[in-house]
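Architecture at a glance
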Amino acid sequence: GDSVTQMEGPVTLSEEAFLTINCTYTATGYPSLFWYVQYPGEGLQLLLKAMKADDKGSNKGFEATYRKETTSFHLEKGSVQVSDSAVYFCALNYGGATNKLIFGTGTLLAVQP
Amino acid sequence: DVKVTQSSRYLVKRTGEKVFLECVQDMDHENMFWYRQDPGLGLRLIYFSYDVKMKEKGDIPEGYSVSREKKERFSLILESASTNQTSMYLCASSRRDRDTGELFFGEGSRLTVL
């Protein structure tokens, strides 16, 4: 079945460092891909998405490119801030308009001043 | 401001008790979901509803049931709580007409079963 694998955390970085969180997927067909973020004490919220191969999603300085050839959707940010400290989830939509998502296990990012 | 509201942030129950978790959304969304979040396991889908009175099992429905009597409200029921149901429960909603992948989540209900 479809699945999402993302790098384990925690990832600890200093402020202004470069961030990469790896995500790969297994799927039949070509699902849409997402990154969600969960700030402490809050529910998840959509960070960015890519609906088809080669699409690049971007938001709040974060970017991810849907790469079909490597079945990957890695999250990157050029310069992280303390306020980016959160848990990041990679996800794919296997349900079309039902929007049923499969989530990765989550990666905790801790940014130190 | 669009919102998904879960009735309780923290609950402590005893083994064998019946537990109700309530979720209300104000966005007129057709789809509603209950996920369970556990460390190292991420989010796992318990149940999904795409319309009033309609439901589908997710990946881990055992030990749970759901009720959707009104469009805005989706309830998760633990008929007889067990310690392995100690977890964070997340409710979410989305539109049904498009593959947007955008789910709106509540803040979660942390359940401890003793």
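Within any chain, residue numbers begin from 1 and follow the written order of that chain's sequence. Working convention: letters from A go to chains and numbers from 1 go to ligands, in the order in which they are written. Per-residue local features are limited, in this predicted model, to residues with pLDDT of at least 70; the limit for side-chain atom pairs, both in listing and counting, is 80 or more; totals at the level of whole chains, interfaces and linings are taken over all residues. Side-chain metrics rest on all non-hydrogen atoms present in the structure, leaving aside hydrogens and water.

In this section: the overall build of chain B. When its secondary structure is counted, chain B shows zero helices and 11 strands. In DSSP terms, a helix is any run of H or I states spanning at least four residues, a strand is any run of E spanning at least two, and both are numbered starting from the N terminus. In sequence order, the secondary structure elements of chain B are arranged as β-β-β-β-β-β-β-β-β-β-β. Rg of the C-alpha trace for chain B: 13 Å, near the compact-globule value of 13 Å for 114 residues, within the 12% margin. If one aligns the C-alpha atoms of chain B with their principal axes, the spans along those axes are about 40 × 30 × 25 Å. What makes two residues a contact is simply this: any of their non-hydrogen atoms within 4.5 Å. Expressed as a percentage of contacts within chain B between residues at least 6 apart in sequence, the contacts between residues at least 24 apart total 56%. Methods summary: accessible areas were calculated by the Shrake-Rupley approach with a probe of 1.4 Å, and residue burial reflects only the protein chains presented. Carbon and sulfur atoms make up 48% of the accessible area of chain B, which totals about 5,600 Å². Charge separation in chain B, taken as the distance between the mean sites of 18 positive and 18 negative side-chain charges, equals 4 Å. Radius of gyration here is computed from C-alpha atoms only, and the compact-globule reference equals 2.2 Å multiplied by the residue count raised to the power 0.38. When charges are counted, Lys and Arg are positive and Asp and Glu negative, with His and the chain ends excluded. Charge positions come from single atoms, namely NZ of Lys, CZ of Arg, CG of Asp or CD of Glu.

The salt bridge criterion pairs a side-chain nitrogen of Lys or Arg with a carboxyl oxygen of Asp or Glu, the two atoms within 4 Å. Throughout the structure, instances matching the rule amount to 12 salt bridges over all chains. As a salt-bridge pair, D84 of chain A and K77 of chain A come within 2.8 Å of each other at their nearest N and O atoms. Remark: exposure states derive from per-residue accessible area (1.4 Å probe, protein chains only) relative to the maximum for the residue type, with buried under 20%, exposed over 50%, and partly exposed in between. Classification of D84 of chain A as buried rests on a relative accessible area of 6%. For R44 of chain B, the salt bridge is made with D38 of chain B, and the minimal N-O distance between the two is 2.9 Å. Judged by relative accessible area, R44 of chain B falls into the partly exposed class, the value being 25%. Each of R36, D38 and R44 of chain B takes part in a single network of salt bridges with overlapping partners.

For the rest of this paragraph, the subject is the layout of surface pockets. Of the pockets and cavities examined, the largest pocket occupies roughly 540 Å³. Forming the walls of the largest pocket are 29 residues, and the residues nearest its centre are Q38 and V87 of chain A together with Q37, P39 and R110 of chain B. Looking at the lining of the largest pocket, the elements that each hand over two or more residues are strand 10 (86–93) and strand 12 (107–112) of chain A together with strand 4 (31–38) and strand 9 (87–94) of chain B. As a working rule, the residues Ala, Val, Leu, Ile, Met, Phe, Trp, Tyr, Cys and Pro are called nonpolar, Asp, Glu, Lys and Arg charged, and the rest polar, with Gly in that last group. Tallied by class, residues from the lining of the largest pocket come to 11 nonpolar, 13 polar and five charged. Definitions used throughout: a 1 Å grid over protein atoms alone; a cavity as a set of points that fits a 1.4 Å probe which cannot get out; a pocket as an open set with protein on both sides within 12 Å along at least five of seven lines; a lining residue as one with an atom within 4 Å of a point. Grid points are joined across faces, edges and corners, and a volume is the space filled by probe spheres set on the points.

Listed by partner, the interface residues are 23 residues for chain A and 26 residues for chain B. Between chain A and chain B, a total of about 1,800 Å² is buried, with carbon and sulfur atoms accounting for 51% of that surface. Our count for the contact surface shared by chain A and chain B stands at one salt bridge. Among the ionic pairs, K100 of chain A bridges to E56 of chain B, the shortest N-O distance being 2.9 Å. When contributions to the side of chain A that touches chain B are tallied by element, the ones reaching two or more residues are strand 5 (32–38), strand 6 (44–50), strand 10 and strand 11 (101–103) of chain A. It is strand 5 of chain A that contributes the most residues to the side of chain A that touches chain B, four residues altogether. Looking at the side of chain A that touches chain B residue by residue, the class counts come to 10 nonpolar, 10 polar and three charged. Here the quantity called buried area is the accessible surface, traced with a 1.4 Å probe, that two parts lose on coming together, added over both.

The next thing to look at is the environment of L11 of chain B. All names here are of chain B. Within the secondary structure, L11 is located in strand 2 (residues 10–13). For L11, a relative accessible area of 10% puts it in the buried group. Sequence spacing of L11 and S109 is 98 residues, and the spatial spacing of their C-alpha atoms is 7.3 Å. Beyond its immediate sequence surroundings of up to four residues, L11 is in contact with V19, L21, S109, R110, L111 and T112.

Our focus in this paragraph is the sheet that holds strand 3 (residues 19–25) of chain B. Residues and elements named next belong to chain B. If you trace the four strands from one edge of the open sheet to the other, you get 1-3-8-7, paired in antiparallel fashion. The open sheet has two free edges, formed respectively by strand 1 (4–6) and strand 7 (65–70), since each of these has just one partner strand. Ignoring which end each strand starts from, the neighbouring axes of this sheet average 20 degrees apart. Whether two strands pair depends on DSSP finding at least two bridges between them. Looking at chain direction, strand 7 and strand 8 (residues 73–78) are connected through four bridges and run antiparallel. Across the sheet, residue S65 finds its bridge partner in strand 8, namely I77. In this description, a line fitted to the C-alpha atoms serves as the axis of each element, helices being fitted only across the stretch in contact, and the angle between N-to-C directions of two axes falls anywhere from 0 to 180 degrees.

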